[in-house]
Each structure stands twice: as C-alpha cells, then as structure tokens.
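# Summary of structural features
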Amino acid sequence: LSVTEMKRGTVSVDLSSDYNIEGIYTDRSKFSADDGLDGGGFALSEQLLGAVQEWDGVVFHLGPANAPNAVTSKTITLPEGRFARLEFLATGVEGAQESQVFGVTYTDGTSAPATLSLSDWYSPANFEGESVAVSMPYRLTGDGSKDERPFHIYGYSLTLDPNREVQNIALPNNKHVAVLAMTLVPTSTVSPSSALVQGASPKS
C-alpha cells in the first residue's frame, strides 16, 4: 500500500489549440505510416492511457484519441499566474533526445531556459530530472496491430520563479520531442485530505 499526496491548486494547461501530432489512437485503428507519435506509423493506445493520468501527485489531462493530441516544436501559451513548477508528460522518439532546451518566458519579458534530456519511449535512460510516469505493455502500429513490447511516457518538472507571472513555454524545435500534457503547480500544493491511496479501492 502506497500513498501519494495529491497537490492542490494545480492548473491544467489547455493544449487543444496547439496539438499538431496524432499520437494516441484507439486499439485496432488504422493510420498512415507517416502519422503516429513518431511520424513513422507507431502510436500510443487510448485503451491503456485513458483520458487522465497522474504523476508526482499531479493530474494530467490527455487529448482525444484518433485526432491531434500531442505537441512538438511549438510555443505554448500558459495560464496567467504565479507558479512554483511546470510539470509535463513527454517522451523522445526515434532515440533519446539529449540536451533539449525548454524556454519559459514571463510577462515581464524575462526568460528562463532549461535543458532536459528525454529518453526514447522504448528505452528508459534514467536521465537526470526524468521519471517513468506511465509504462505500457504495447504500442499501436498503423496497420491496426500491436507492437507488444514495453513503452513509456516520462514525467518532467521545471522550476519556475514564483515571483513572476508566466507567459509561455517554447518547446525544443525538434519533431522527435513529443509533449502530451502539462500542469502548473502553485507554491502551496499538498492537501492532507486529498491523498491518493494506491492499492486500495475508494469507499462509497
């Protein structure tokens, strides 16, 4: 039995206007060999991921299946406010993507670049600042079948300046870095009454 303290006051980043990758499909779907999370005919399973994931006590909302539902190589507008961290779910494809720069800009014009390395979705490299957030027993192929090997989505956390209001984050200009969800975490986050207990069923 393990208990994860859920962080309170978090704000999901709405990526719906930024989605430019069709990276999640329902099982048995067929899609082009040029589509998928890697642009090479492979994708994540909606049946395995669902609409919501949790990592590090933070809830992440995923995009709809069989449609654009992940982001690469874009600048994303962030909700207004002051926050302690920006946490996100992402992965590298076509191999590990090392030393990738994520640039947070604040409303006062200042910016704070952060360098992260992302593992390939098949091969966790345990880079600094990276955790396996979701492990899946297969991925989907464009012909409707499954590639029955383990694949992963990783969790990352960027420290923000809580004295400044965030404006946007520029993702690396790299089509092999795919972001699936983002959530902002305020300074005071943990609610003792909102613990997520893993391994037990909720009482009705």
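Residues numbered from 1 in each chain as written. Predicted model: local features only at pLDDT ≥ 70, side-chain atom pairs only at ≥ 80, totals over all residues. Heavy atoms only, no water.

## Observations regarding the pattern of salt bridges
As a reminder, the rule being used: For this document, the term salt bridge refers to a Lys or Arg side-chain nitrogen within 4 Å of an Asp or Glu carboxyl oxygen. Note on classification: 1.4 Å probe, protein chains only; a residue is buried when its accessible area is under 20% of the maximum for its type, exposed when over 50%, partly exposed between these limits.
Per the counting criterion, the structure on display carries 9 salt bridges. Here arginine 85 and glutamate 87 are joined by a salt bridge, their closest N and O atoms 3.1 Å apart. Judged by relative accessible area, which is 22%, arginine 85 ranks as partly exposed. Its relative accessible area of 0% is what places glutamate 87 among the buried residues. Among the ionic contacts, a cluster of salt bridges with common partners joins Asp108, Asp161 and Arg164.

## Details of the confidence of the model for the protein
Using the following cut-off: The predictor rates its confidence in each residue with pLDDT, a number between 0 and 100. Any two residues having at least one pair of non-hydrogen atoms within 4.5 Å are treated as being in contact.
The share of residues in the protein with pLDDT of 70 or more is 90%, and the mean pLDDT across the chain is 91. Below a pLDDT of 50 lies the segment residues 190-204, which in the model reaches 27 contacts outside its immediate sequence neighbourhood of four places, other chains included.

## With respect to the packing of aromatic side chains
Selection rule: Stacked, tilted and edge-to-face are the three classes assigned to paired rings of Phe, Tyr and Trp, where Trp is represented by its six-membered ring and a pair needs centres within 6.5 Å; plane angles under 30 degrees give stacked, over 60 edge-to-face, the rest tilted. Per the convention used, a helix needs a DSSP run of H or I reaching at least four residues, while a strand needs a run of E reaching at least two, with both numbered from the N terminus. In this scheme, the term charge over a ring applies when either NZ of a lysine or CZ of an arginine sits within 6 Å of the ring centre and within 35 degrees of the ring normal.
For the structure on display, the rule yields 6 aromatic pairs. For the pair tyrosine 122 and phenylalanine 151, a centre-to-centre distance of 5.4 Å together with 45 degrees between the ring planes defines the contact as tilted. Of the two residues, tyrosine 122 is situated in the loop between strand E10 (111-118) and strand E11 (131-136) and phenylalanine 151 in strand E14 (residues 151-159); the sequence distance between them amounts to 29 residues. Phenylalanine 151 sits in the buried class, given a relative accessible area of 1%. Grouping aromatic residues by their ring pairs yields a cluster made of Phe88, Phe102 and Tyr156. The aromatic ring of phenylalanine 42 is capped on one face by arginine 139, whose charged end is 3.7 Å from the ring centroid. Lying over the aromatic face of tyrosine 138, lysine 146 brings its terminal NZ or CZ to 4.3 Å of the ring centre.

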